[in-house]
Structure formats: C-alpha cells, structure tokens
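Fold and contact review
Here is how the chains run, residue by residue.
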Amino acid sequence: MSEHLSSEQISHWIAGERDTRQARHLRECAECSAELGRAESFFAALGASLRHWGDQHMGVNYARPPRVRLWIPIAAALSLAVVFTAIYDQRPPRHSDDALLDHIDAALSRSLPESIEPLTRLLSDRSETREP
Amino acid sequence: MKPVSASTFIPAAVDHPQIGDFDALVRLHWPRVYRFALAALRDRDAAETVAQDCFVRAHRARSTFRGDSSVQTWLMRIAVNLVRDAARNRRLQFWKHLRDTSLAPDAVSDWLPDPEASPESKALLKEHIQIAWTAAAALSAKQRIVFLLRFVEDMDLLEIAAATGMSEGAVKVHLFRAVHSVRKKIGNRL
C-alpha cells in the first residue's frame, strides 16, 4: 500500500475500523502516522476538555439553584397590577350616593334659597354687633 | 427432576454483589451519568433530571441486574435511553425557553489539557474544540451519543454497544460518521 491514507480511512481508523494493510502503511509512512496522531490527540483533548467542563457544571449546579429569567415573574406581576388598577378605576366611588342624598337633604332643610344665604349672614352679623 | 442451580436459592430481592450499597453506587456513578447527560442535552436541568431518573430506575430494577455487564454499562444504558427520550420530548424544549439553564457554548474550551502548550497552540486547539462542539450539535442523536460515549466517557466499542443496544458494527458506522463529520468541519487543519 503505497498511497497515503485518505481522510475517510483515517476517520475509519479512529472509529475502530482497522485492517492490517492500513496498519502496515501507518508504520511505514511518517506523514500518515503524523496526521493520525494529530487527529487522535485532538479527540483526546476534546474529551478531556468536555470532562472538565461537565465536572465544573456539576459543582455549579449543586452550589446554586437554576437561574430563572427574572423578567417573566416581573412582567406577570406588572400585568396583573395594571389590570387590577384598571378594574378598580372603572368602579363608581362608593360614597357618591350618600353624598347626593346629603346634598338633597341640605337643600330641602334650607328655609331660604342658597343665593340669599349671604344676606341673612350679614343681617345676623349686624344683630350680633348691636348693643342691647 | 430438574437440577437446582445455586441461583435458585437466591431470592429475587437480593441485590447483585456488584450493586452492593446503593448510596455508594450513586456517589460513585452520579458524576459520569450527569456529565454524559449534560454533554448530550447541553442543559443543566435536563441533565439533572436524567441523572435522577436514571438512579431511580436503577434502584427499582436493581433486583433484575444479573451482572452480565458492569454496573457502569448498565447505568449508562439507562441513561442513554433517558437522554434519547429527553431529546425527543417537545415539552422539555418548551420549558427550556422559560428557564435559562442552557449552557454557554464557548465554555467547553475554557480549560485545555496541556498547560505547557504555546499560546498559539492553545488558541488553535481552543478554536478546534469550539468547531467540534458546534459540529457535534448537528450530528444525529445516535451519532452524538456514540461520539460522547467514546471520547468523553472513554468507553470502548463493546461497552458502547452494550450501553446503546447497537451491534459493534453499528457503533463503528455511527462513530465513523461522527468523527468524519467533525473532522470535515475543522477542515484540513486536522
């Protein structure tokens, strides 16, 4: 086997599909051997990095509860607040009926029309200042 | 009259000696199961759920463990099935949008195994790991599981076959496709 190993053959080798001709070629060809070595080193490094990354996240996961996106509960609370405020504002004031009745009672109990009341006050002021 | 084997005298409720103390078994194997699930699903909550379910199922089925494979392979087989289910589960995808437990993709290359390497080599390796991690996400579920079991969990082909329920030949085919796909993404630099 004089030709160099193709990229596919090297991938097959890494995946465990190997034959004796390729094994002999790899022993004899420094170039193919170096290419295979680089690829195998890379996958070993990838595995080591991922193991380290996974172990780190395991530590983080137990140290801290998972983060919940804060905008979700905040937006929900604000929406509810806006809805309740709108509903509350649409309701008529509870005391409006009582106030109206009080106003009517006051008008009925007056002996004089409301427009004349300042004159009566003036008369009463005079009567209070008059000496006996 | 049929001969009575020694196993006939063992009650079904007695755990296999390989299982022994279940708490100790959880402590020993939890990291590996969790790490595999995390690498496969890339989501902390999903990985934790898979790891918990894995040990709950193992505890329920511990009396059926016969010791034909190692405890680790048995646990990984349960984990592989759970990871497949989780990856298929659309509800999980929905909840994933609400809870920010997915992982930043650049963090995988934060730590490199060779601290003595030159800054240029480190930068190149970091770049290649990033490309490989992105490429792994695009693999089929079977290819990704086989790829992770081989290179992250360092399992041999027969162990992977036992954990995935595939034949050794099928494992080689999926692994080849995964390896070649990742190498092609990295280009002729690898």
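Bear in mind that the values here come from a model prediction, so they are computed numbers and not experimental data.

Here we look at the packing of helix 2 (residues 44-60) of chain B against helix 3 (residues 71-88) of chain B
Residues and elements named next belong to chain B.
- Put simply, helix 2 and helix 3 touch, their axes get as near as 9 Å, and they point 135 degrees apart. With respect to each other, helix 2 and helix 3 are oriented oblique. When you trace helix 2 past helix 3, the crossing you get is right-handed. Residues Ala-46, Val-50, Asp-53, Cys-54, Arg-57 and Ala-58 of helix 2 form the contact with helix 3, whose own contacting residues are Leu-75, Ile-78, Ala-79, Leu-82, Val-83 and Ala-86.
- Residues that form the contact of helix 2 with helix 3 fall into these classes: 10 nonpolar, no polar and 2 charged.

Notes on the interface of chain B and chain A
- Between chain B and chain A, the residue contacts involve 34 residues of the former and 31 residues of the latter.
- Broken down by secondary-structure element, the contributors of at least two residues to the side of chain B that touches chain A are helix 1 (22-41), helix 2, helix 5 (119-137) and helix 8 (168-186) of chain B.
- In terms of residue count, helix 8 of chain B provides more of the side of chain B that touches chain A than any other element does, 6 residues in total.
- Residue composition of the side of chain B that touches chain A, grouped by class: 21 nonpolar, 4 polar and 9 charged.

What about the confidence of the model for chain B?
Residue and element names in this part refer to chain B.
- Taken residue by residue, chain B gives an average pLDDT of 84. The fraction at 70 or more is 82%.
- Across residues 1-12 the pLDDT falls below 50, and counting only partners more than four positions away or on other chains, this stretch makes 1 contact in the model.
- Listed scores for the predicted complex are pTM 0.68 and ipTM 0.81.

A closer look at the packing of helix 3 of chain B against helix 7 (residues 157-164) of chain B
Residue and element names in this part refer to chain B.
- It is at 7 Å that the axes of helix 3 and helix 7 come closest, and there the two elements cross at 50 degrees. With respect to helix 7, the element helix 3 is oriented oblique. Every pair of crossing elements has a handedness; the one defined by helix 3 and helix 7 is right-handed. In contact with Thr-73, Met-76, Arg-77 and Val-80 of helix 3, helix 7 contributes Glu-159, Ala-162, Ala-163 and Thr-164.
- Considering only residue class, the contact of helix 3 with helix 7 consists of 4 nonpolar, 2 polar and 2 charged.

Concerning the nonpolar core
All names here are of chain B.
- Formed by 57 residues in total, the largest nonpolar core has its most connected members in Phe-36, Ala-37, Val-50, Ala-79, Val-83 and Leu-148.
- Composition of this core by domain shows at least three residues from each of domain 1 (1-100) and domain 2 (104-190).
- Excluding residues within four positions of it along the chain, Leu-148 makes contact with Phe-36, Ala-39, Ala-40 and Glu-153.

Reading the values: the criteria
- Per chain, residues are indexed from 1 in the order of the written sequence.
- A letter from A marks each chain and a number from 1 marks each ligand, given out in the order of writing.
- Local features in this predicted model are restricted to residues whose pLDDT is 70 or higher, and side-chain atom pairs enter the listing and the counts only when it is 80 or higher, whereas totals over whole chains, interfaces and linings include all residues.
- Between N-to-C directions, angles span 0 to 180 degrees; the directions come from axes that are lines fitted to C-alpha atoms, helices contributing only their stretch in contact.
- A run of H or I in DSSP counts as a helix once it spans at least four residues, and a run of E counts as a strand once it spans at least two, with each numbered from the N terminus.
- By definition in this entry, angles of less than 35 degrees are roughly parallel, angles greater than 145 are roughly antiparallel, angles of 65 to 115 are roughly perpendicular, and the rest are oblique.
- By definition, any crossing whose near helix is turned counterclockwise from its far helix by less than a right angle is left-handed, and any crossing with a clockwise turn is right-handed.
- Placing a C-beta atom from the backbone of each residue, one calls two residues in contact when those atoms lie within 7 Å.
- Residue polarity is assigned by list, with Asp, Glu, Lys and Arg as charged and Ala, Val, Leu, Ile, Met, Phe, Trp, Tyr, Cys and Pro as nonpolar; anything else, Gly included, falls into the polar class.
- pLDDT: the predictor's confidence for each residue, scored from 0 to 100.
- Residues enter a nonpolar core if they are buried, belong to Ala, Val, Leu, Ile, Met, Phe, Trp, Tyr or Cys, and are joined to the set through C-beta atoms within 7 Å.
- Comment: burial labels come from other C-beta atoms within 10 Å of the residue's own C-beta, placed from the backbone, where a count of 20 or more is buried, 12 or fewer is exposed, and between is partly exposed.
- How far each domain reaches was decided by an automatic or database domain assignment.

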